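# What the coordinates show
Each chain, written out:
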Amino acid sequence: MDLPKEVETTNLRLSAGTAMYLNLMNGGALEVPTTAYLMIPGDVCRGRCTFCPQARGDSRWLSRVSWPEFDIEDMIGPLTESDLQRICLQCPDVPGYEESIVATATLLSETGKPISISAPPLSEETLVKLDGIIDRIGIGIDGATDDIRASVKRNYDPQVFWDYLGRAISHLGPNRVTAHFIVGLGENLPQLTLGAYRAVNAGADVSLFSYMSKENGPDIRYYRQAQIASHLLKKGRSPSDILEMLLDHPEELVDIIAEGEMFRTQGCPGCNRPYYTTRPGQEHRNYPRALKKVELDKIKEDLSLV
Ligand code: SF4
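### Brief notes about the overall build of the protein
Scanning the protein for helices and strands turns up 11 helices and 10 strands. Against the 2.2 N^0.38 benchmark of 19 Å for 306 residues, the protein shows a C-alpha radius of gyration of 19 Å, consistent with a compact globule. Each of the three principal axes of the protein carries a C-alpha extent, and together these read 60 × 40 × 35 Å. Residues classed as buried in the protein amount to 55% of the 306 residues present. At a minimum sequence separation of 6, the contacts of the protein that also span at least 24 residues come to 73%.

Structure follows, in structure tokens:
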């Protein structure tokens, strides 16, 4: 396979779970991916986001997942033959990242899988080059407020991600862009709800990530409230209505919770990110599959609904 010259390296990183699922690495996991998570390798990410190991030059890790490297040629076949529903190609902010993304996505489009790109802001020119190659874009808004974003994404103007979200939506159309928010960076529930509301109002889908420091993450009750708020925003409920229900009338949540769909990983269709923010054996923050009754009962308990 002749690789385009822009593809500087013949290697790509795969999340460990994806590599195991494609039998490119030994081992297995209880929770399996329904999307293939790939990453363009780079040295130190210029983003310097405080919550990310890539900012410290350790490109083997993203969130709490390890990302071993493989030759692209060894993964195209297994990806094509797999039942994975999507490819999510991630890329750190490194020199030439836009060219690498276009070349790599073009190559990966041979698999026939819908492709999502999760990367720093892309120029209009690059978005045009990706037409017909990619399906969706994921954008790291991350911090729910401008102040929080400025404090954790120090090398970026806090507005640059909202501007990019607007450009990506006008280029791809509504509900083909996913706004990533990290829960637990110091925001409170109203701030998170209003941040997510701004994204939904702009035509984006919302995907929540639980901030996990070495010790633990945000309070589980707060995280469940954040998931419910995000879900209800997509259902067209107003932020004030949602907050009043979550804070003053939680009894109204019993019917809304139902099968617990909102506690599953949200984002691009087919994205489930197993163990992205929780260790095996820990209670999932984002469930990578339908919940079991015992798991739903635990959530109702955490929300004081039983
Ligand atoms: S929602 Fe999932 S598939 Fe989509 S960009 Fe984000 S991580 Fe990737």
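### Structural notes on helix H11 (residues 293-302)
All buried positions along H11 are accounted for by Glu295, Leu296, Ile299, Lys300 and Asp302. Projection of H11 onto a plane perpendicular to its axis shows the buried side chains occupying an angular sector of 160 degrees, all on one side. In H11, the exposed residues that point more than 90 degrees away from the buried face are Lys293, Val294 and Glu301. Of the surrounding elements, those touching the buried residues of H11 are helix H8 (220-234) and helix H10 (253-257).

### Observations regarding the environment of Arg86
Position of Arg86 relative to the elements: it lies in strand S6 (residues 86-90). On a C-alpha basis, the gap between Arg86 and Lys113 in space is 5.4 Å, while along the polypeptide they are 27 residues apart. Of note is the side chain of Arg86, whose polar atom sits 2.7 Å from the backbone oxygen of Pro269.

### Brief notes about the sheet that holds strand S1 (residues 11-14)
Pairing is mixed in the open sheet, where 8 strands are placed in the order S5-S1-S2-S6-S7-S8-S9-S10. Two strands bound the open sheet, and with one partner strand each, they are strand S5 (69-71) and strand S10 (205-210). Across this sheet, the average inter-strand angle for adjacent strands is 30 degrees, counted without regard to direction. By the bridge criterion, 5 bridges tie strand S2 (residues 35-39) to S6 in an arrangement that is parallel. Across the sheet, the residue bridging to Met39 is Gln90, located in S6. Contacts between helix H3 (residues 97-108) and the sheet are confined to S1, S2, S6 and strand S7 (115-118), with S6 contributing the most and set at about 165 degrees to the helix.

### Points about the site of the ligand
Neighbouring the ligand are the residues Cys88, Gly138, Thr178, His180, Gly267, Cys268, Cys271 and Arg273. Broken down by class, the residue content of the shell around the ligand amounts to 3 nonpolar, 4 polar and 1 charged.

### Some details on the state of the cysteines
Evaluated as defined, the whole model comprises 0 disulfides. Free of any disulfide, Cys49 has its nearest cysteine sulfur in Cys45, 6.2 Å distant. Of the residues examined, Cys49 reaches a relative accessible area of 11% and is grouped as buried.

### What about a negative patch on the surface?
Negative charge collects at one region of the surface, where Glu244, Asp248, Glu251 and Glu252 lie side by side. In this structure, Glu251 sits in the loop between helix H9 (239-248) and H10. Taking the relative accessible area as the measure of exposure, Glu251 reaches 49% and is therefore partly exposed.

### Some points on the pairing of strand S9 (residues 177-183)
With 7 of its 7 residues buried, S9 lies for the most part within the structure. Because side chains alternate across S9, one face comprises the buried residues Val177, Ala179, Phe181 and Val183, and the other comprises Thr178, His180 and Ile182, equally buried. In terms of strand pairing, strand S8 (residues 136-142) meets S9 through 5 bridges, oriented parallel. Its bridge partner being in S9, Ile137 is matched across the sheet by Val177. Pairing of S9 with S10, which is carried by 6 bridges, proceeds in the parallel orientation.

### What about unusual backbone geometry?
In this model, Asn175 sits at a positive phi of 60 degrees, which is unusual for a non-glycine residue. Position of Asn175 among the secondary structure elements: in the loop between helix H6 (160-172) and S9.

Here is what the cut-offs are and how they apply
- Residues numbered from 1 in each chain as written.
- Predicted model: local features only at pLDDT ≥ 70, side-chain atom pairs only at ≥ 80, totals over all residues.
- Heavy atoms only, no water.
- Helix = DSSP H or I, 4+ residues; strand = E, 2+ residues; numbered from the N terminus.
- Rg over C-alpha atoms; globule rule 2.2 N^0.38 Å.
- Buried < 20%, exposed > 50% of the residue type's maximum accessible area, 1.4 Å probe, protein only.
- Contact = heavy atoms within 4.5 Å.
- Arc of directions from axis to C-beta.
- Polar contact = N/O pair within 3.5 Å; in protein donor to acceptor, adjacent residues only side chain to side chain.
- Pairing = 2+ DSSP bridges.
- Axes fitted to C-alpha atoms, helices over the stretch in contact; angles between N-to-C directions.
- Near = heavy atom within 4 Å.
- Nonpolar A, V, L, I, M, F, W, Y, C, P; charged D, E, K, R; others polar.
- Disulfide = S-S within 2.5 Å.
- Patch = residues over 30% accessible without salt bridge, like charges linked within 9 Å, V, L, I, M, F, W, Y side chains within 5 Å.
- Areas by Shrake-Rupley, 256 points an atom, 1.4 Å probe, with all protein chains shown as cover.
- Salt bridge = Lys/Arg side-chain N within 4 Å of Asp/Glu carboxyl O.
- Lys, Arg positive; Asp, Glu negative; His and termini not counted.
- Charge placed at Lys NZ, Arg CZ, Asp CG, Glu CD.

Read these as geometric descriptors, not functional statements.
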